[in-house]
Amino acid sequence: MSKRSSEEWNDQRLAGWRDRGGRWVTGGLLYLTLSGLVIYLLPFGVFAQHSVVLHTLVGLLFLAPFLVYAVRHVRAYWDFPLTHVKFSGYGAALMTLACSVSGVVLTWQSAFGTRIEYLWRTVHVVTTFGIVLLFGAHLVALVLRKREAGGELARAARGFSALTLGSSAGLLLVTGALTLVLRPVSFTNEFPTDYELTPYEGATPFSPSLAMTASGGAFDPRSLAGSESCGTSGCHQQIYEEWLPSAHRYASMDVGFQKIQSVMAQQNGAVTTRYCGGCHDPISLFSGTKNIGVDDLTGLSGYQEGISCLACHAIQKTDVAGNANYVMAQPERYVWELRDGPVAGFLSEFLIRAYPQRHVETLSRRMFKTPEFCAACHKQFIDEEVNEVGWVQLQNQFDNWKASRWHRPDSPERTIECRECHMPLKDSHDPAAGDLADANRSADDGKHRSHSFLGANQYIPAIMDLPGHAQHVADVERWLRGEYDVPEIDFKWTDGPAVPIELEVPASARAGEEVAVRVRIVNNKVGHDFPTGPLDIIQAWIELDVTDADGRVVFETGKRDERNFIQTGSFMFKAEPIDRYGNLIDRHNLWEMVGVRFKRSLFPGSEEVASFSFDCSGQTPHGEAPAVGERVAFDLPGGLRGPLEVHARLNYRKFDQYLLNFAFGEDAGLAATVTELSSAHAQIALDGGTEGKGL
Amino acid sequence: MRLLRRRRKTALAVGAALVLAAVALAQLLRQREARYEAGERTEGIVDTLAVDVPADHPRVVFSEVARRAGLVFRHFPGERRNLLTEDMGSGVALGDVDGDGWVDAFLVNLAAQGADDEANRSRLFLGGPEGFRDVTATSGIDLVALGNGAAFVDVDGDADLDLFVTSYPRCRLYRNDGGARFSDVSEAAGVAAFEGFWTGIGAADMDRDGDVDLYVCDYVRYDASVGAAGESGSQYGRVLPAQLNPSAFEPAANLLLENRGDGTFRDVAAERGVADAQGRGLGVTFCDVDGDGAADLYVANDVSDNALFLGDGAGGFRDVTAQALVGDYRGAMGLAAADYDGDRDVDLFITHWIAQENALYSQKPRAAGDPGPPLFFDDADRVGLGHTALDRVGWGTRFFDYDNDGWLDLFVVNGHTIPLEARPRELEPMRPQLFWHATDPRHYFHEVGAVSGDFWREPWVARGAATFDYDLDGDEDLVVVRHGGAAALLRNDGGDARPALRVRLRQPSGDRFALGARVELVTSAGARLDWVGTQGSYLSQHAVGELAFGLGDARLVDELRVTWPDGTTERAGPFLTRSIVTWERGSAPRVEAYPGRATRDVERPARVEDERRFFETRKRGTEARLAGDLRAASAAYLEALALWPGHGDCLYYLGNCEAHLGREALALQAFERRAHYEPQSSQAWMQIGMLRLPGGDPTLDDLASARAAFERCHELNGEESRPQVMLGVVAMLADELDVAAAHLADAARLNPRSVEARWFAGRVAWLAGRRDDAAAWLAEARALAGERDAGASKSNEGDTKSGAALTADEGVPLAPALTRWRDLGARVGDPAEEYGG
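Residues numbered from 1 in each chain as written. Chains lettered and ligands numbered in written order. Predicted model: local features only at pLDDT ≥ 70, side-chain atom pairs only at ≥ 80, totals over all residues. Heavy atoms only, no water.

### Digging into the interface of chain A and chain B
- Taken together, the contact pairs 72 residues of chain A with 67 residues of chain B.
- Carbon and sulfur atoms make up 46% of the area that chain A and chain B hide from each other, which totals about 5,800 Å².
- Two residues, Arg-604 of chain B and Asp-295 of chain A, come together in a salt bridge whose shortest N-O distance is 3.2 Å.
- Summed over the shared surface of chain A and chain B, the number is 43 residue pairs in polar contact (both at pLDDT 80 or more).
- Only helix 9 (255–268), strand 5 (392–396), helix 18 (397–402), strand 14 (575–578), strand 15 (595–599), strand 17 (631–632) and helix 22 (657–664) of chain A provide two or more residues apiece to the side of chain A that touches chain B.
- Its residues placed into classes, the side of chain A that touches chain B shows 26 nonpolar, 23 polar and 23 charged. (Contact = heavy atoms within 4.5 Å. Buried area = accessible area lost by both parts, 1.4 Å probe. Salt bridge = Lys/Arg side-chain N within 4 Å of Asp/Glu carboxyl O. Polar contact = N/O pair within 3.5 Å; in protein donor to acceptor, adjacent residues only side chain to side chain. Helix = DSSP H or I, 4+ residues; strand = E, 2+ residues; numbered from the N terminus. Nonpolar A, V, L, I, M, F, W, Y, C, P; charged D, E, K, R; others polar.)

### Description of the packing of aromatic side chains
- The final tally for this structure, using the stated rule, is 55 aromatic pairs over all chains.
- A centroid spacing of 5.8 Å and a plane angle of 85 degrees characterise the contact between Tyr-581 of chain A and Tyr-652 of chain B, whose relative ring orientation is edge-to-face. Linking Tyr-581 of chain A in the loop between strand 14 and strand 15 with Tyr-652 of chain B in helix 10 (residues 648–661), this pair reaches from one chain into another.
- Taken together, Phe-62, Phe-400, Tyr-402, Phe-411, Phe-455, Trp-456 and Trp-460 of chain B form an aromatic cluster joined through their ring pairs.
- A cation over a ring is seen here: Arg-771 of chain B above Trp-766 of chain B, with NZ or CZ 4.0 Å from the ring centre. (Phe/Tyr/Trp six-rings, centres within 6.5 Å; stacked < 30°, edge-to-face > 60°. Lys NZ or Arg CZ within 6 Å of the ring centre and 35° of its normal.)

### Considering the nonpolar core
- With 158 residues, the main nonpolar core has Leu-503, Val-519, Ile-521, Ile-542, Leu-544 and Leu-650 of chain A as its most contacted residues.
- Ranked by residue count, the leading element in this core is helix 16 (residues 755–767) of chain B, at 8 residues.
- For this core, the domains that each give at least three residues are domain 2 (212–490) and domain 3 (501–694) of chain A.
- Grouped together as the second largest cluster of nonpolar side chains are 40 residues, Leu-126, Ala-189, Phe-194 and Phe-513 of chain B included. (Core = buried A, V, L, I, M, F, W, Y, C linked by side-chain atoms within 4.5 Å. Buried < 20%, exposed > 50% of the residue type's maximum accessible area, 1.4 Å probe, protein only. Domains from an automatic or database assignment.)

### Description of helix 8 (residues 608–626) of chain B
- Taking 1.5 Å as the rise per residue, helix 8 of chain B with 19 residues should run 27 Å; its terminal C-alpha atoms sit 27 Å apart, in good agreement.
- Among the residues of helix 8 of chain B, Asp-610, Glu-611, Phe-614, Phe-615, Thr-617, Arg-618, Gly-621, Thr-622, Ala-624 and Arg-625 of chain B are the ones counted as buried.
- If you follow the buried residues of helix 8 of chain B, they end up packed against helix 9 of chain A together with helix 9 (630–643) and helix 10 of chain B.
- Trailing helix 8 of chain B by a residue or two, Gly-628 of chain B shows a phi angle of about 90 degrees, which is positive. (Expected span 1.5 Å × (residues − 1).)

### Structural notes on helix 3 (residues 46–76) of chain A
- The terminal C-alpha atoms of helix 3 of chain A lie 42 Å apart, and with 31 residues this matches the ideal 45 Å at 1.5 Å per residue to within 8%.
- Along helix 3 of chain A, the helix axis deviates most sharply at Leu-63 of chain A, where the bend reaches about 35 degrees; the proline Pro-65 of chain A sits within four residues downstream. (Bend = angle between axes of the 7 residues up to and from the residue.)

### Considerations on the domain arrangement of chain A
All names here are of chain A.
- Annotation of chain A at the domain level lists domain 1 (6–181), domain 2 (212–490) and domain 3 (501–694).
- Placing the centre of domain 2 and that of domain 3 at their C-alpha centroids yields a distance of 35 Å.
- Counting from both sides, the interface comprises 34 residues of domain 2 and, opposite them, 38 residues of domain 3.
- A buried area of about 3,000 Å², summed over both sides, lies between domain 2 and domain 3, and 65% of it is on carbon and sulfur atoms.
- Of all residues in domain 2, the largest losses of buried area upon contact with domain 3 belong to Ile-260, Asn-400 and Tyr-459, amounting jointly to 20% of the total for that side.
- On inspection of domain 2 and its partner domain 3, the count reaches 0 salt bridges.
- Taken together, the connections running from domain 2 to domain 3 amount to 11 residue pairs in polar contact (both at pLDDT 80 or more).

### Here we look at the side chain of Asp-104 of chain B
Residues and elements named next belong to chain B.
- As for its placement among the helices and strands, Asp-104 is situated in strand 3 (residues 104–107).
- No salt bridge is formed by the buried Asp-104, whose closest oppositely charged neighbour, Arg-133, lies at an N-O distance of 7.6 Å.
- For Asp-104, the side chain forms a polar contact with the main-chain nitrogen of Val-97, separated by 2.7 Å.
- For Asp-104, the residues in contact, after removing those within four places along its chain, are Ala-93, Leu-94, Gly-95, Asp-96, Val-97, Asp-98, Phe-125, Leu-126, Gly-127 and Phe-152. (Lys, Arg positive; Asp, Glu negative; His and termini not counted.)

Here it is in structure tokens:
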């Protein structure tokens, strides 16, 4: 216990109240506490955002003086009796220390990391309330005592209060001023002056797309673009890089899409290309570029980003009707977002990381997990506004899937949804890694869902030379073959090739005999039809050849000719959609489509058999024998030597040659990549020799 | 006070003096009125004849593109010597000598004395999509002469154009041996024997004996000794070399060369009374002046009376110059003949020497059955064509519709016969004139050269001139021979904003190029007349064997009525606008788009409001079509196509409407037009093939054409099933059953649901006697036809609410045997019943 006299303690106190350091430190602490509470308690807003930056700055400046003062203060009262004042003082100091440490960590993480950690944030918040409590008690007791003391001490205390309160109030005023001056970037949400708002009765500004903006009006293209900033900040870099060569990214720049869009504008009117915009080019659609008389139906950022990050993440609502039946909002932006310069860039990223709630709330929604969300665009129809005839269903992965064995309303844990296959989990250092809400996942599984959106387009990323296309195309091809491993759904997905084929051949055949060969094709892994739309341009087909032991070709089908067309009469998966007069929809002119002549595709789990038969006699030259069914005759070069080797392949390409020729001219020499999805081999013994069997 | 008073007095005096001085000065100045100067515009004078360019003048500009287009020709490289034979200039002949559809040009040269080099040669240029190619060296035409006129005429009836050239002192005839290679047959044909100052050429089958006869003007009996001693004459107030006055020479008799049909000619001018020996002949045309179908003759004579001879169709002529009031004595050079005022008779325009005005002889209507000769009045002044030529000497000319508004406009190229005072070696240049025929009831011709391109704003010494569409973009271009200068090729830019129809007439025998054929074009705006090869000019020939009609706002040409030279009439139509109609007598006309504007036709309209109007109109058409009102739909599509001629879908829907309405020939034009613009359109080729199959209009049925169209589809996309089906059907109809079976089997494999392919495969098997196969195919077809009625899931690509594709009932009409498969589901018969009938 101290042996100092009460006078001495009074002097000490007087000096304390008069201490400039004490006054500044307390003022700082008061501001930090108040602004902390503002950030914590006030709703997301500009004032709070400026408070975060100022709070951080003041906090950093506060650190050293606080430590010096704390040490001095403790030492000065070391001998003081352990009263409730001293006790609350120690407590407050400890809280402030913890709060400072967590603050420094949070600052570090916000400035140089990819996200702040929940634990540190909790510490920072809890200790703040600790400071309020303990430091409050510490001060209240002193103030009460000061009242008793009166005179000089009271004057000193008043001076103390004036400075602390004044400095806090000043800083809050500065925040207020900043709030008035520095607002988030404002968007020019206006249609071009000549924009045709209601091209027909009952139309919205975006009809015949069903897409809508939350405001019902135009969206500044900047408000949905800028995907790069999500990736370059060091936050979502992996995801950004996955997205770069993905189908979502090139949805608009796709040379095929661009060509078809301009043909549609020419033939059916520029306004009707809004139909495409909802899913292929929303940024342009909402900014009003798809209008009569314009040279570029696609705006620059729309072209570059297609389905940008925000094109999905800013969707508020979707309707399972499909055809881009969604409502898009403009997410509220942070003050420093979309501004130029290194300082603004740093502050923008810092703020999002330091104060991420709004970012997370607006851009990460439970809805994104659902197949219905994907259905907004992966279910398409054409209606009277476009084809002027009536409703026709187009590609529809959603209902396909919904009716399939992969959708099990009775046991949700066995259901496989869109994201589980097409967005498999990837090892991640992304701030959004981990997901407590997703089945089979945890908040700290260190994984994110791939934004490569693996699908079936192995052609466009390559010819457009998109960044990372080599890996992407390799992945897509592995995907198409069923070789892409998705361990997290192993337990409920099938093994093996996506669409395996099997050969059925007779064990042996005699010369002069008709030989029947069957190829069984099974949709083993695909979550929807194989192949799936648009089937007017996508093709899968059986290539089959039969050779004898000397390598002489006995029979072949499904070969491509020198112009890259598939041999006439081959067994193909595709559709022949037709126009009003029964002619082929021959250049993806869906605006004229009224139905199909036929469609051949495989429903999940189902099987199709391609039958071929050939005459082993060699009597009839190839191509001239009329026959029922799949009978094909071949030209026999001479005596055959067994066994006959039968090779079958299931091939796939994204664009038929006709469309490529139409879009780019035959002289361009373009041909879509052909991927062999599966194959089979068998032997047929001749003249009762060795037994034929599928290999 | 006094002092003050004195001062005041002084001030008053000075002031008064100043005022007086000022008044005097003012008076002096006022009297000094500016002196009147000659030519001053004083008040009180008005000029009601002067007409400014009207505000609504056509937005058409003629650009000089000769060099760019490869038509590099320099006329008369020598030095002028003030000789008449060097000053009358030369012309140009236009015609498709190599039969490639692009008009070729022969430019006549005036060779310098004693010269025999390339620069002095007359030249042949072949036209093509890339412009002109000089083929003189390989053409076999080696002409270095004092050349005057030229005309392409098929004198031997072998369907290619031979070349007749006039010069001083001989005529030349070059026979086209095919492929634009010519042989000089002047001697053999007997035309080399005539000596004279040969100028204008007229061509027609005057006696209807199946070959083309020629009329050749002899200008004067030229005597080189005139003026050789340095005599001079007075002309236009100036003393000039005697040679430059044509009156210094005697007039000469013209030739009427009767084609004997064996490659030789005989001059029958004197015996037929058309030698016109009193005229100094320059311009001539055969045209049916009195409307009796026989070729008449009009001759424009310099400083002598013009002459009009009415032909009787058998080679006989009667001089009616005086009665017809067309023989006035002026210095006539060029002439143009056409029905400029739309009253269905030939009117004549004559260009004259300076201070003589040009003449516009409007033919006055005669009472029906009036046996008297036609009567003309000179209306030039009334319509703005007279006084405008007072200070010009006019030469090449033509009535032509350069803005395609449906009214014939006019051009005149000018240039003096007298040298410049300062530079006596050079003739005085004069501004050419372009007249726009305003669509007001007065038929006023406004001079619009000032707003129609540089060429019309500058003075030239021009002589020959002729019109054609060298770039085949659907408007009339011009070639002008500048005396001693470079030939000008004036490209018409903007005339094709409105549509035109080019008619090329051919006959299978006799006069292959149908000279004198009368063509009546009927549109919603009325009927218009023109005659093949009768238009005249000066020493020149407009594109031979074809006529261009500007169509104004017409959206369709309803009909063409052609009265062939022998008097028989044929009709055809309707035709799409912006077409080249090649009509060989007795066959169906071939209709093509202008190749020179394919790119522009498919591009969207330049003005947004036009594009908007296009889509509104197209939508109206589609609504009418879906409501079943195909006539209204067709009308709307035609209206839309006027705004956007190359619009693929519009042409396709128009074709489908018209096919169903029974105007299949028009439908075929629409589909072919689409295939022209979009050769990759399998839709268009399919419909062309369908139209060529039996059913509907029998004149279009043509299996070979059908097969070609389906093969085109198959070539475009061998993976599609329907062309295979149709190739099978064509083979079946051609009785090539094996081929048919192969196609149909392929089709059945390509389209596992095709009832059509299987039904026809069954029929082919039945026809081939393979009963079992027929039964098997029929069973398959029937099974699929049954399935077809089953409801669809409505969630698959191509599903509709009704379960069936929303195809139209209308379309190309086909023979019942070709559509029998469609209601297979309603029948249950065995193959014998199904196929036996």
